[in-house]
Each structure stands twice: as C-alpha cells, then as structure tokens.
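# Structural characterization, general
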Amino acid sequence: MNGPVVVGVGASPSSLAAVETAAWEAERRGVGLRLAHAVAWPSDPVAPGVPPWDPDGAGLRASAGGALAEAERHARRVAPELPITSEVLVGEPGTVLQSQSRAASLTVVGGRRQGRFGGLPFGSVAGLLTARGRCPVLVVRGRTGRSGPVVLASDDASPAARAAAEFAFAEAAQRAAELVVLHTGGDGPDGVLTELRRRYPDVVVRHRRIRGRSRPVVVGASAGAQLAVVGVPTHTGLTDTLTGSLGRALLHHAPCTVAVVPPATPKS
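An account of the accompanying structure is given in this report. This structure is a prediction, so every number in the text was calculated from the model and none was measured. (Residues numbered from 1 in each chain as written. Predicted model: local features only at pLDDT ≥ 70, side-chain atom pairs only at ≥ 80, totals over all residues. Heavy atoms only, no water.)

## What to know about the packing of aromatic side chains
For any two aromatic rings, the description comes down to two numbers: the centre-to-centre distance and the angle of the planes. Using the criterion set out here, one finds one aromatic pair in the structure. Sitting over the ring of W24, R146 keeps its end group 4.0 Å from the ring centre. (Phe/Tyr/Trp six-rings, centres within 6.5 Å; stacked < 30°, edge-to-face > 60°. Lys NZ or Arg CZ within 6 Å of the ring centre and 35° of its normal.)

Below you can see the structure in the form of structure tokens.
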C-alpha cells in the first residue's frame, strides 16, 4: 500500500518519539506523513467535563494546533523534505486512528513503558489500535535505535503469523539487519519461513527456541533489537488473539519498538 504513514499526536514525550519514528518510516517508504490529533468534541457545551472558560472549544482548538506544530518541528528534524499534512479529527483517539488506518501504509503511536501489565497500556489508544487497526501498527517504546536485529515472534502457523513473518523479513532486508525468529518448537510456519528465506536471500536468520517461561527470554532477546514483530487477527480482542504466548510477551515487555501486523486483507 502506498498510503501515508499516520501518527497519533499528543503532548507526551512518547507521542513526540512516535512522530520522529513515523517521519523516518515515511521517508524510507517514499510516502507522506500525516499528523493526526484527535479531539473528543462535546455535543453539549454544558456537558460534564467541559471547562466553563472554554465553552466553544476555542482553547481546545488552539491547544491542538500547538501540539501539531510541535509535532511537525520534530518530524522536520528527522526528514526536512518530507511531505507532511496535519489534521484535527473529532472523536476518541483510538477510534479516529482506527479509521485513518484504512488508507494508511503504517500507523504509529507512542506506548508507555509502565502500565497495568508492565508494558503496553491496554484500553489506551495503542491497545485499541493494535487490536482493530487495518494496517501494521508501530508502538514506539523503549529503545528507538536503528541498529540491532529484527525479532519475530513465530510460534504458530496462522494467517496472522504469516503476515507478521512477511513484514519482519521485509523490514530486516530494508534495514540490513539480522532476523531473530523466536518460537516454541510447536507447529510454527516453517514452510512460510523457508519460502521467505528464498525471497530474501540476503537476510541472515537465526532461530531461537523458547522453553519454559517466555517473558525473561523474550525480554533478553529483544533488549538490543531495533524492532520486534508480532501478528494479530483483526476484529477480535487483542488480549486473547495475539499470535501465541511469545507475541503477548513481546508486546507486553519488549524494550524496543513493536510492530503489530494484521493478516493481509484479501483483494476484492
């Protein structure tokens, strides 16, 4: 897909880190960058939670404009010539970005390092978008360096696992990085991996079998990585459907950016 890279813009440091990552991703993909700031606009000016000093939302609009301007400055530091558009969108952030993901090649959001599960804050924008987004989603957290391997969680043979494997191989090839495949030794997509190794002969692949508790090993394997990749089926609940226990462990605890990849959408 040649759609833009869409990034959710807020005021937090993790949001600005996401903007910088999104700008880099857009530049190397040869597409534009869209800065999206969501505003939950009240239908009733006297609704609870609406400040009495800003009943018409003028202050809210000014705040949104300031956040977008700051985001563009950060993006320009990374990619000065990149085509950038910005938009204030009405709605809850997760729902707005889910809609934007339909025409995007990649969606990027910030992810907190701390949260209910010690990692990704489920119920947040990132949690909703990774569960329901229509394109690959990058959750920017922890280490954002450009060195180190790409790590793939691959412990089943589902369509989601295949899509994640294809994404991981393509990323490793484009980044000139080694690919580390984590799996439990079960019914993994060995045929898919063999096919992808033929398609990407320059990608060096290392396999690492995980036994016992996956969390400590996954965190260790991804500690020096530049990207971790997991798959997730669309239109279902994230906590129940991430591709295997390794995928859940990566998304909860990986100290680097995580790519969540939905199955390929059938062409009509």
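So that's the structure; there's more coming.
## Section: the sheet that holds strand 7 (residues 179–183)
Taken in spatial order, the 10 strands of this open sheet run 3-2-1-4-5-10-9-6-7-8, and their pairing is mixed. Strands with a single pairing partner mark the edges of an open sheet, and in this sheet they are strand 3 (84–90) and strand 8 (205–209). Recorded for the sheet is a direction-independent mean angle of 25° between the axes of neighbouring strands. The pairing of strand 2 (residues 33–39) with strand 3 spans seven bridges and is classified as parallel. Within strand 3, the position partnered with L35 by the bridge is S86. Contacting strand 1 (5–8), strand 2, strand 4 (106–110) and strand 5 (137–140), helix 1 (residues 13–29) crosses the sheet at an angle of about 175° to strand 1. Packed on one face of the sheet, helix 3 (residues 93–100) meets strand 1, strand 2, strand 3 and strand 4 and runs near 150° to strand 2. (Pairing = 2+ DSSP bridges. Helix = DSSP H or I, 4+ residues; strand = E, 2+ residues; numbered from the N terminus. Axes fitted to C-alpha atoms, helices over the stretch in contact; angles between N-to-C directions. Contact = heavy atoms within 4.5 Å.)

## Some words on the pattern of salt bridges
Proximity of charged atoms lets side chains of opposite charge pair with each other. Per the counting criterion, the structure on display carries 12 salt bridges. Salt-bridge contacts for E25 lead to R29; the nearest nitrogen and oxygen are separated by 2.2 Å. Taken together, the residues E25 and R29, both in helix 1 and four residues apart, mark about one turn of the helix. Classification of E25 by relative accessible area gives buried; the value is 1%. A salt bridge links R28 to E171; the nearest nitrogen and oxygen atoms lie 2.3 Å apart. Of the two residues, R28 is situated in helix 1 and E171 in helix 5 (residues 159–175); the sequence distance between them amounts to 143 residues. Classification of E171 as buried rests on a relative accessible area of 3%. Each of the salt bridges in this network shares a partner with another, and the network as a whole consists of E25, R28, R29, E171 and R175. (Salt bridge = Lys/Arg side-chain N within 4 Å of Asp/Glu carboxyl O. Buried < 20%, exposed > 50% of the residue type's maximum accessible area, 1.4 Å probe, protein only.)

## Observations regarding unusual backbone geometry
Despite not being glycine, A176 has its phi angle at roughly 55°, a positive value. The topology assignment puts A176 in the loop between helix 5 and strand 7.

## Observations concerning the environment of E25
Once the C-alpha coordinates of E25 and L138 are considered, the two residues, 113 residues apart in sequence, prove to be 10.0 Å apart. Apart from the residues within four sequence positions on either side, E25 is in contact with V5, L106, L138, E171 and R175.

## Notes on the pairing of strand 4
In terms of burial, strand 4 is largely enclosed, as four of its five residues are buried. Sheet topology note: the strand 1/strand 4 ladder contains three bridges and is parallel. Along strand 4, the bridge assignment pairs V6 with T107. Note that strand 4 and strand 5 share four bridges and pair parallel. For V108, the partnering residue across the bridge sits in strand 5 and is L138.

## A look at the pairing of strand 2
Burial analysis of strand 2 places five of its seven residues in the buried class, which makes it a mostly covered element. In this structure, strand 1 lies alongside strand 2, joined through four bridges in parallel fashion. Residue pairing for strand 2: G8 is matched across the bridge by A36.

## Observations regarding the nonpolar core
Grouped together as the largest cluster of nonpolar side chains are 45 residues, with contacts concentrated most on V7, L33, L35, V108, L152, L179 and V229. Ranked by residues supplied to this core, first place goes to helix 5 with eight residues. Setting aside chain neighbours within four positions, we find V7 in contact with A18, V19, A22, L33, R34, L35, A36 and V108. Core analysis: the second largest hydrophobic core is formed by 19 residues, A153, V180, A228 and V258 among them. (Core = buried A, V, L, I, M, F, W, Y, C linked by side-chain atoms within 4.5 Å.)

## As for the side chain of H183
Here H183 shows up in strand 7. Residue H183 is classed as buried on the basis of its relative accessible area, which comes to 9%. Polar side-chain contacts of H183 include one of 3.3 Å to the side chain of H207. (Polar contact = N/O pair within 3.5 Å; in protein donor to acceptor, adjacent residues only side chain to side chain.)

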